[in-house]
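# Understanding the architecture of this molecule
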Amino acid sequence: KNEVEQSPQNLTAQEGEFITINCSYSVGISALHWLQQHPGGGIVSLFMLSSGKKKHGRLIATINIQEKHSSLHITASHPRDSAVYICAVLGGVQKLVFGQGTRLTINP
Amino acid sequence: GAVVSQHPSRVICKSGTSVKIECRSLDFQATTMFWYRQFPKQSLMLMATSNEGSKATYEQGVEKDKFLINHASLTLSTLTVTSAHPEDSSFYICSAADPSSSYEQYFGPGTRLTVT
C-alpha cells in the first residue's frame, strides 16, 4: 500500500461542475502540498497546508490531520483546469512523498 | 509565489556525452534543492537532495557518479548526467525549498532529456 493514496485516479467532468479530489496518507507529516502538472510537464504548487483550509480563487484545499486526509476542490470548473493534480506530503528531512496523481479532464 | 527556473527546457544528446541541467531560485535563497525524475504517466521520483556548500544526498539506487550534483550557491544547483545512455531519457524536475515560507517547495518547469 502506498503511503499516499489519491482518488479518483481519473476524473472527467463537464465545464462548471464542482470537482473534488481526495488524498489519504498513512505517515506522520508536517505539511501537505497540492500540485498541478499540465501536459507540458511543469509543476505548479497550488497549496501547502498543515491544518484547516486554504482558498485561492476557485480552488479550495482542506486537511484533517486526525483522519490523515486532504481534499482539493475546484468550483465552477473550466477546461483550462484540465491537468494532473498531485498530493504530496512532507515528512522528515523536507522530503516529499507523492501520490500517484489524479488526471482531471474538463470538457466544454 | 516564488519562481524556480530550469535550463535547458529540452535537450537531445548522443550516447556517451554529458549533459548539465541548471536549476535556479530567482527570488529567494535556497539552502536545499531537490532533483526528481519522472517517467511517462508516473509520479515524480526523488533522485537526490542538494545542499548548498555540502555533498548531495542521493536516494537508494541512484548512482552518484552518474548523476553529479553541485550546489555552489544559494540560488543555483546543477545536475550533470554523465556518459548518458538512452535509458537516461526522462523528464528531470528540480525544486527549491524557501526557508522564509516554512520550506515550501517551488518547482522548476522541468527539462526533457532525450539520449539518442
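You'll find the structure just up there.
Parameters at a glance
- Residues numbered from 1 in each chain as written.
- Chains lettered and ligands numbered in written order.
- Predicted model: local features only at pLDDT ≥ 70, side-chain atom pairs only at ≥ 80, totals over all residues.
- Heavy atoms only, no water.
- Salt bridge = Lys/Arg side-chain N within 4 Å of Asp/Glu carboxyl O.
- Buried < 20%, exposed > 50% of the residue type's maximum accessible area, 1.4 Å probe, protein only.
- Helix = DSSP H or I, 4+ residues; strand = E, 2+ residues; numbered from the N terminus.
- Contact = heavy atoms within 4.5 Å.
- Buried area = accessible area lost by both parts, 1.4 Å probe.
- Polar contact = N/O pair within 3.5 Å; in protein donor to acceptor, adjacent residues only side chain to side chain.
- Nonpolar A, V, L, I, M, F, W, Y, C, P; charged D, E, K, R; others polar.
- 1 Å grid on protein atoms, 1.4 Å probe; cavity = no way out; pocket = protein on both sides within 12 Å on 5 of 7 lines; lining within 4 Å.
- Points joined across faces, edges and corners; volume = space filled by probe spheres on them.

All names here are of chain B. Using the criterion set out here, one finds 4 salt bridges over all chains in the structure. The shortest N-O distance in the salt bridge between Glu22 and Arg24 comes to 3.4 Å. Among the residues examined, Glu22 registers a relative accessible area of 24% and is labelled partly exposed. Arg24 gets classed as partly exposed once you look at its relative accessible area, which sits at 33%.

Most peptide bonds take the trans form, and the phi angle of most residues other than glycine is negative. Residue Ser7(A) is joined to Pro8(A) through a cis peptide bond whose omega torsion reads -5°. Among the structural elements, Pro8(A) can be located in the loop between β1 (4-7) and β2 (10-14). The amide bond that connects His7(B) to the next residue, Pro8(B), takes the cis arrangement and shows omega of 0°. Take Pro8(B): it is sitting in the loop between β1 (4-7) and β2 (10-13). Its identity is not glycine, yet Lys68(A) carries a phi of approximately 55°, on the positive side. Checked against the element boundaries, Lys68(A) lands in the loop between β7 (59-64) and β8 (69-74).

Taken together, the contact pairs 19 residues of chain A with 21 residues of chain B. Here chain A packs against chain B, burying approximately 1,500 Å² in sum over the two surfaces, 57% of which is carbon and sulfur. The largest share of the area that chain A buries against chain B comes from Ile43(A), Gln94(A) and Phe98(A), three residues that together contribute 36% of it. Remark: the boundary between chain A and chain B carries 1 salt bridge. Note that Glu59(B) is salt-bridged to Lys95(A), the shortest N-O span being 2.7 Å. For the pair chain A and chain B, the number of links is 4 residue pairs in polar contact (both at pLDDT 80 or more). For the side of chain A that touches chain B, the element with the highest residue contribution is strand β5 (residues 43-49) of chain A, accounting for 4 residues. Of the residues that constitute the side of chain A that touches chain B, the class distribution is 8 nonpolar, 9 polar and 2 charged.

By volume, the largest pocket amounts to about 570 Å³. Surrounding the largest pocket, 28 residues form its lining, Gln37(A), Val84(A), Arg103(A), Gln38(B) and Lys41(B) being those nearest its centre. Going through the elements one at a time, β9 (83-90) and β11 (102-107) of chain A together with β9 (90-98) of chain B are the ones with two or more residues in the lining of the largest pocket. Among the elements that take part in the lining of the largest pocket, β11(A) stands out by supplying 4 residues, more than any other. Classifying every residue of the lining of the largest pocket gives 8 nonpolar, 17 polar and 3 charged.

We now examine the environment of Gln60(B). Structurally, the position occupied by Gln60(B) is in the loop between β6 (57-58) and β7 (67-73). In this structure, the C-alpha to C-alpha distance between Gln60(B) and Thr116(B), residues 56 residues apart in sequence, is 27 Å.

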